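Architecture at a glance
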Amino acid sequence: MSKSREKYNIAIIGATGIVGESFLDILVSRNFPLGDVYAVASDRSAGKTVRFGKEILEIIDIASFNFSKVDIAFFSAGSDVSAMYAKEAAKSGTVVIDNTSYFRYDDEVPLIVPEVNPEAIAGYSKTNIIANPNCSTIQMLVALKPIHDLFNIRKIIVSTYQAVSGSGKSGINELLAQTHSYMNQQEVEVNAYPKQIAFNVIPFVDSFNDNGYTKEEMKMVWETHKILDENINVNATAVRVPVITGHSESITIETKKPVDIDLLKNRFRALEYIKLLDDPSKNEYPTAVTDGSGTDHVYVGRIRKDLENDNILNIWVVADNVRKGAALNSIQIAELLIKGDYL
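Notes on the structure follow. These figures come from a predicted structure and were not determined experimentally.

Time to look at helix α8 (residues 323-339). Taking 1.5 Å per residue, 17 residues should reach 24 Å; α8 reaches only 21 Å between its end C-alpha atoms and comes up short. Taken as a whole, α8 carries its principal kink of about 35° at N329. With 15 of its 17 residues buried, α8 lies for the most part within the structure. The positive-phi residue at the C-terminal boundary of α8 is D341, with phi of around 50°.

Here is the structure:
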């Protein structure tokens, strides 16, 4: 991408999904230097339309789409689709920014959070593919990078409280349908999750591994090592909660250097992409409904040291899992490519 260029042709793969819709919305709101925009999905959606600002885009069947027409393709249609089409798109000269887990652990594919490891983006030229991390990992590492820079993180213990939008439209529909049934004393049907999600908390996200951890939990381990520091010990518990949008995380961090709370808060205040909400006297702390829905920042609050150990810190982190945890982070990666004149 030459600095002399003014516009870039874009394709959204999975344009009919929750994240796809968010891509289209954010591209308009951030004044991305757009040329032609193509909404792409499976043949089941071909011919349908999606809104893009004041325009209406017709969905194109991915099987017939010519990727050589676009500079950047955002993939958000599931790992199977990425496995089938992403390398084909990359070989055509398109830079693929993949929002699925398919390429995240490939050593030749950079895994990028622009606020954390922007320098790693240069490695994309090996494959023409860049991976977008897991939503829970993104918001956690945005919040932890300043802590690591200041005090050197040794260990992370994190419990996530993940919204149903992380499962796509099926998760949202299940929560709403179960809530309606429960409130009207009707039988609650369970489909999208192994147990009822309405008025419940499920300590299970994704699938179980042989080690007893879920794949979602292990993603946070692997991705933290690849993005931030391979020497950090990470222990995660991922939990699904009856919230539509906005992931929350309770994080305990052990550091090599003693923590200075005032220094840390001043660092957070100086960063435009982090919002510090931490005033117990005013009940000021971030929540999913007020701060994790329709927002672009990572919100941090409940900052406090361990009662006995100056090297242990507790924080609470909230972000919009659909925007910052998926679409926005991918678009920020594209902006990084353009500003850095990488292609």
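What follows is about the sheet that holds strand β2 (residues 34-41). Taken in spatial order, the six strands make up an open sheet running β5-β2-β1-β6-β7-β8, and their pairing is parallel. The open sheet terminates on both sides in strands that have one partner only, identified here as β5 (60-61) and β8 (129-131). Taken together, the five bridges between strand β1 (residues 8-13) and β2 define a ladder with parallel strand orientation. Paired with Y8 across the bridge in β2 is L34. Strands β1, β2 and β6 (72-75) of the sheet are contacted by helix α1 (residues 18-29), whose axis makes an angle of about 155° with β1. Across the sheet, helix α2 (residues 79-91) lies against β1, β6, β7 (95-98) and β8, angled at about 170° from β6, the strand it touches most.

In this section: α2. Count 3.6 residues to each turn of an α-helix, and residues three or four apart come out pointing the same way. Here α2 spans 18 Å end to end across 13 residues, near enough to the 18 Å set by a 1.5 Å rise per residue. The largest bend along α2 measures about 40° and falls at Y85. Among the residues of α2, those classed as buried are S82, Y85, A86, A89 and A90. Just downstream of α2, G93 is the residue with a positive phi angle, here 105°.

Two elements in contact, helix α3 (residues 135-151) and helix α5 (residues 215-227), have axes whose closest approach is 9 Å; the angle formed by their N-to-C orientations is 45°. When the interaxial angle is binned, α3 and α5 end up oblique. Relative to α5, α3 is oriented so that their crossing is right-handed. The residues of α5 that touch α3, namely those facing S136, T137, M140 and L141, are E216, K219, M220, E223, T224 and I227. Looking at the contact of α3 with α5 residue by residue, the classes come out as four nonpolar, three polar and three charged.

So, on to the pattern of salt bridges. Inspection of the entire model under this criterion finds 12 salt bridges. Between R323 and D296 there is a salt bridge, and its shortest N-O distance comes to 2.7 Å. Of this pair, R323 sits in helix α8 while D296 sits in the loop between α7 (288-291) and β13 (298-305); the two residues are 27 residues apart in sequence, bridging distant segments of the chain. R323 sits in the buried class, given a relative accessible area of 11%. For D296, a relative accessible area of 28% translates into the label partly exposed. Close ionic contact of K305 with D310 constitutes a salt bridge, the shortest N to O distance being 3.5 Å. In the salt-bridge network here, residues are joined through shared partners; they are D25, D296 and R323.

What follows covers the side chain of S82. As for its placement among the helices and strands, S82 is situated in helix α2. Among the residues examined, S82 registers a relative accessible area of 0% and is labelled buried. There is a polar contact of 3.4 Å between the side chain of S82 and the side chain of T100.

Here the focus is the sheet that holds strand β9 (residues 153-162). Judged by pairing direction, the sheet is mixed, and its six strands sit side by side in the order β10-β9-β11-β14-β13-β12 without closing on themselves. Across the chains shown, the open sheet's two edge strands, defined by having one partner strand only, are β10 (233-240) and β12 (274-276). Recorded for the sheet is a direction-independent mean angle of 20° between the axes of neighbouring strands. Where β13 and strand β14 (residues 312-319) come together, five bridges link them in antiparallel fashion. Across the sheet, residue R304 finds its bridge partner in β14, namely N314.

Before going further, it helps to examine the pairing of β1. Counting buried positions over the six residues of β1 gives five, a clear majority of the element. Pairing of β1 with β6, which is carried by four bridges, proceeds in the parallel orientation. In the sheet register, I13 faces β6, and the bridge partner there is F75.

Centre-to-centre distance and the angle between the planes together describe a pair of aromatic rings. A complete count under the given rule lists nine aromatic pairs for this structure. Ring centres of Y161 and W316 lie 5.6 Å apart, and the angle between their planes is 45°; on these two criteria the pair is classed as tilted. With a gap of 155 residues between them, Y161 in strand β9 and W316 in strand β14 connect regions that are remote in the sequence. Through a chain of ring-to-ring contacts, three or more aromatic side chains come together here, namely Y38, F65, F67 and F75.

You can see N329 is positioned in helix α8. Its relative accessible area of 0% is what places N329 among the buried residues. Polar side-chain contacts of N329 include one of 2.7 Å to the side chain of N132. When neighbours within four sequence positions are excluded, N329 is seen to be in contact with I112, V113, P114, E115, N132, P133, I138, R323 and K324.

Thresholds applied
- Residues numbered from 1 in each chain as written.
- Predicted model: local features only at pLDDT ≥ 70, side-chain atom pairs only at ≥ 80, totals over all residues.
- Heavy atoms only, no water.
- Helix = DSSP H or I, 4+ residues; strand = E, 2+ residues; numbered from the N terminus.
- Expected span 1.5 Å × (residues − 1).
- Bend = angle between axes of the 7 residues up to and from the residue.
- Buried < 20%, exposed > 50% of the residue type's maximum accessible area, 1.4 Å probe, protein only.
- Pairing = 2+ DSSP bridges.
- Contact = heavy atoms within 4.5 Å.
- Axes fitted to C-alpha atoms, helices over the stretch in contact; angles between N-to-C directions.
- Parallel < 35°, antiparallel > 145°, perpendicular 65-115°, else oblique.
- Left-handed = near helix turned anticlockwise from the far one by under 90°.
- Nonpolar A, V, L, I, M, F, W, Y, C, P; charged D, E, K, R; others polar.
- Salt bridge = Lys/Arg side-chain N within 4 Å of Asp/Glu carboxyl O.
- Polar contact = N/O pair within 3.5 Å; in protein donor to acceptor, adjacent residues only side chain to side chain.
- Phe/Tyr/Trp six-rings, centres within 6.5 Å; stacked < 30°, edge-to-face > 60°.

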